[in-house]
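Architecture and fold: a report
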Amino acid sequence: MKEKFQHLGFYPADILLPRQGTDMARWAVVACDQFTSQPEYWQAVEETVGDAPSTLRLILPEARLNDPDVENHIRDVNNAMTRYLEAELFETLPQSLIYVERAQSDGRIRRGLIGMVDLEQYDFTPGSGALIRATEGTVLSRIPPRVRVRQDAPVELPHVMLLIDDPDRTVIEPLATASGGMEKLYDFDLQQGGGHLAAWRLTEAQMLAAAEALGKLASPEEQERKYGLKDAAPLLFAVGDGNHSLATAKQCYENLKRVTPRERWAGLPARYALVEVVNNHDDALQFEPIHRCLFGVEPEKVLEAFKAFYPGAYEGEGAGHTIAYTHGGGTGHITVPEPKMQLAVGTLQAFLDEYVKTTGGEVDYIHGGEVTDRLGSRPGNIGFKLPAMGKEQLFKTVMADGVLPRKTFSMGHAQDKRYYVEARRIK
């Protein structure tokens with residue numbers, strides 16, 4: 001079986017699921033990098049979970065990543081993983097792929113395929129020709145604290161979502177009509193307004209069919225047909241969500257390689273990372289802008305600095321890049337005419353990076369316009385709202401131009417992000 005996936009960088013995995021009888025609504029929690037500026041969300045999760053077995057005990061919400069006692073938090077997570085393993089709270093699905101259907105908060109069904117990727121086939125470096133690539137800039141300073149969380153962990157829980165460019169719907173969509181013949185694994189409502197989640201285990205024939213369809217997507221003929229790039233290195237998987245988590249997994253693997261003989265690299269569990277693959281052309285998949293909020297500043301001075309940073313920028317909407325803002329004194333727009341960046345997010349990010357470096361303040365990346373307005377209107381804050389990016393040009397842009405500016409887009413609203421359910425041993 002494994003040789004059928006050999007050149008795809010994607011494989012069936014030994015997937016861990018909570019054993020039967022587990023309260024799945026309390027087991028599953030949303031991706032750790034969501035609601036970082038809304039501690040009340042995570043408090044509600046804590047109250048819902050209580051003392052039940054839950055992935056909440058196996059992850060570190062990034063809202064707590066800068067806590068003074070973060071090392072104790074990390075130790076608690078690793079100890080909980082060990083306890084769950086020793087108590088046999090998991091059952092193993094050997095060499096499996098899982099088909100999932102997620103009912104989002106808008107009622108649409110998003111379909112995915114869970115397996116593991118070979119980190120030797122992944123590279124987040126801008127301009128990389130790897131089979132699996134980042135779509136936007138990776139902030140290197142964000143990796144070390146995440147490495148501390150993962151490096152001693154015995155298991156991983158994925159919120160990484162990879163995109164495939166499959167307009168003819170050949171890989172994942174055929175599974176939707178065949179799920180009646182598969183083993184159903186779970187079917188439950190997600191907590192905190194996350195919608196509904198159901199999953200099935202693929203048969204061997206279905207796994208082989210998926211491998212064949214993925215192989216065709218990666219063929220030179222298909223790459224030239226779709227992108228007109230005859231000699232370009234094929235791009236099969238583009239990171240849609242969880243870019244820094246996958247980069248962290250890569251860094252942990254690279255660290256292990258330094259102390260492991262080369263002949264043992266292929267057998268390292270940490271060489272692989274569990275992911276969910278989603279078709280970029282899935283009708284439920286919407287690219288949402290990721291907004292910015294600047295904390296600990298004087299909003300009027302920020303706006304003046306913005307206009308000084310881009311001579312010719314003016315208040316109001318017009319031709320060029322128009323960016324909305326909200327602070328305690330009101331709302332408005334700033335337009336940067338004849339921008340040098342391709343996207344408004346690049347124009348804004350270049351300014352914010354320089355402002356924080358020279359003047360101060362702290363930037364957070366916010367999902368949802370209402371949340372951005374609410375946070376931005378608080379004293380000492382200012383929120384910036386960005387327009388959405390179309391998803392049609394994603395793959396061709398990454399292949400031709402390299403990565404997009406960091407935090408350019410998000411696949412859906414925060415409550416529609418991946419919830420942790422599956423796990424995999426990495427030690």
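So, here is what we can say about the structure in this document. (Residues numbered from 1 in each chain as written. Predicted model: local features only at pLDDT ≥ 70, side-chain atom pairs only at ≥ 80, totals over all residues. Heavy atoms only, no water.)

**Overview of the environment of A210**
Relative to the helices and strands, A210 resides in helix α6 (residues 204-217). Residue classification places A210 among the buried positions, given a relative accessible area of 2%. Considered as a pair, A210 and L97 are 113 residues apart in the sequence and their alpha carbons are 9.7 Å apart. Those residues in contact with A210, other than ones at most four positions away along the chain, are L113 and V171. (Helix = DSSP H or I, 4+ residues; strand = E, 2+ residues; numbered from the N terminus. Buried < 20%, exposed > 50% of the residue type's maximum accessible area, 1.4 Å probe, protein only. Contact = heavy atoms within 4.5 Å.)

**Observations regarding the nonpolar core**
Judged by nonpolar contacts, the single largest core of 93 residues is most densely connected at F10, L113, L162 and L246. In terms of residues, this core owes the most to one element, α6, which gives 6 residues. Residues within four places of L162 in sequence aside, it is in contact with V117, I132, F237, A238, V239, G240, L246, V275, E276, V277 and V278. In terms of nonpolar packing, the next biggest core, distinct from the first, is built from 20 residues, V297, A313, L352 and Y355 among them. (Core = buried A, V, L, I, M, F, W, Y, C linked by side-chain atoms within 4.5 Å.)

**Observations concerning the side chain of E156**
Relative to the helices and strands, E156 resides in strand β9 (residues 155-156). Under the relative-accessibility criterion, E156 is labelled buried at 5%. Engagement of the side chain of E156 in a polar contact is seen with the backbone nitrogen of L274, the distance being 2.7 Å. Non-local contacts of E156, meaning those with residues more than four positions away in its chain, are made with R150, Y272, A273, L274, E422, A423, R424 and I426. (Polar contact = N/O pair within 3.5 Å; in protein donor to acceptor, adjacent residues only side chain to side chain.)

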